[in-house]
Amino acid sequence: MTAFSQGATPVTPVGTTGVTAYGVSDEARNLHWLLTDLVEEVPGVLSVAVVSSDGLLLLSSSPEHSRPPGIPGAPGAVGPGSEGPRGSTADLATIVAGLGSLTTGAATLMDGGAVKQTMVAMDGGGLFVMTISDGSLLGVHTAPDCDMGIVAYHMALFVGRAGHVLTPELRRELRQSVEAVR
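Overview of the structure. All values derive from a computational prediction rather than experimental measurement.

Criteria and cut-off values
Residues numbered from 1 in each chain as written. Predicted model: local features only at pLDDT ≥ 70, side-chain atom pairs only at ≥ 80, totals over all residues. Heavy atoms only, no water. Buried < 20%, exposed > 50% of the residue type's maximum accessible area, 1.4 Å probe, protein only. Helix = DSSP H or I, 4+ residues; strand = E, 2+ residues; numbered from the N terminus. Pairing = 2+ DSSP bridges. Core = buried A, V, L, I, M, F, W, Y, C linked by side-chain atoms within 4.5 Å. Contact = heavy atoms within 4.5 Å. Expected span 1.5 Å × (residues − 1). Arc of directions from axis to C-beta. Polar contact = N/O pair within 3.5 Å; in protein donor to acceptor, adjacent residues only side chain to side chain.

Counted residue by residue, strand β5 (residues 137-142) has 6 buried out of 6 residues, so it is predominantly covered. Neither face of β5 is open: one carries Leu137, Gly139 and His141, the other Leu138, Val140 and Thr142, and all of them are buried. Strand direction decides the pairing type here: strand β1 (residues 45-51) and β5, joined by 6 bridges, are antiparallel. Across the sheet, valine 50 pairs through a bridge with leucine 138, a residue of β5. Relative to β5, strand β4 (residues 125-131) is paired through 6 bridges, and the arrangement is antiparallel. Across the sheet, residue methionine 130 finds its bridge partner in β5, namely leucine 138. Connecting β4 to the antiparallel partner β5 that follows it, the hairpin turn spans 5 residues, and glycine 135 within it adopts a positive phi of roughly 95°.

What follows is the structure, given as structure tokens:
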């Protein structure tokens, strides 16, 4: 069973710069592929957001941030929970940035070192936040019946693969592409 059958939305980065046919760089397309793989391969994933260290949305599984300008027909999700918390990936990005800041502050007060992962279990689902090497955050909103170990494992794979490609230039490109959609 794929995440699509449980309501997740396929992702596609958007952009106005770059060298590919869709207007984004190869690095952006690779990061998109990694995020798409996370959404497609992990049952129970409802929405995903990559947030910069300063709290700005860079990439998401949300349809409003997934269609490159000028490319019609981006697929949309159907089903409950397909759009994440309160129907907006921007909300997920805000929650992820706030939770990341809160846990970093707590770790500082407790002399705990760097925060690697945060997990919130709720009756209606889960929220996982994992730090990417550049200080960006990967946030995943899940269904209540997901396997937390599988989610954490696939998030760690994403972080390990994305950490070295998420350069300042790529973050700038992704941020500009999100702004172009608004």
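Let us now look at the nonpolar core. Counting residues in hydrophobic clusters, the biggest one holds 28 residues, and the most contacted among them are Leu31, Leu35, Val48, Val50, Leu138, Val140 and Phe158. Of all the secondary structure elements, the ones that give two or more residues to this core are α1 (26-41), β1, β2 (57-60), β4, β5, α3 (148-162) and α4 (168-181). Looking at this core, the element that brings in the most residues is α1, giving 6 residues. With near-sequence residues (within four places) excluded, leucine 31 lies in contact with Leu59, Phe158, Ala162, Val165, Leu166, Leu170 and Leu174. With 11 residues, the next largest nonpolar core counts Val51, Leu92, Ala93 and Leu99 among its residues.

A rise of 1.5 Å per residue sets the reference length of α3, with its 15 residues, at 21 Å; its end C-alpha atoms lie 21 Å apart and thus fit the reference within 8%. Those residues of α3 that sit buried are Val151, Ala152, His154, Met155, Phe158, Val159 and Ala162. Projected down its long axis, α3 shows its buried positions confined to an angular sector of 170°, all on one face. Of the exposed residues in α3, those oriented more than 90 degrees away from the buried face are Tyr153 and Gly160. Of the surrounding secondary structure, the elements contacted by the buried residues of α3 are α1, β1, β3 (117-122), β4 and β5. Near the N-terminus of α3, the side chain that reaches the backbone nitrogen of glycine 149, with its oxygen 3.0 Å away, is that of aspartate 147.

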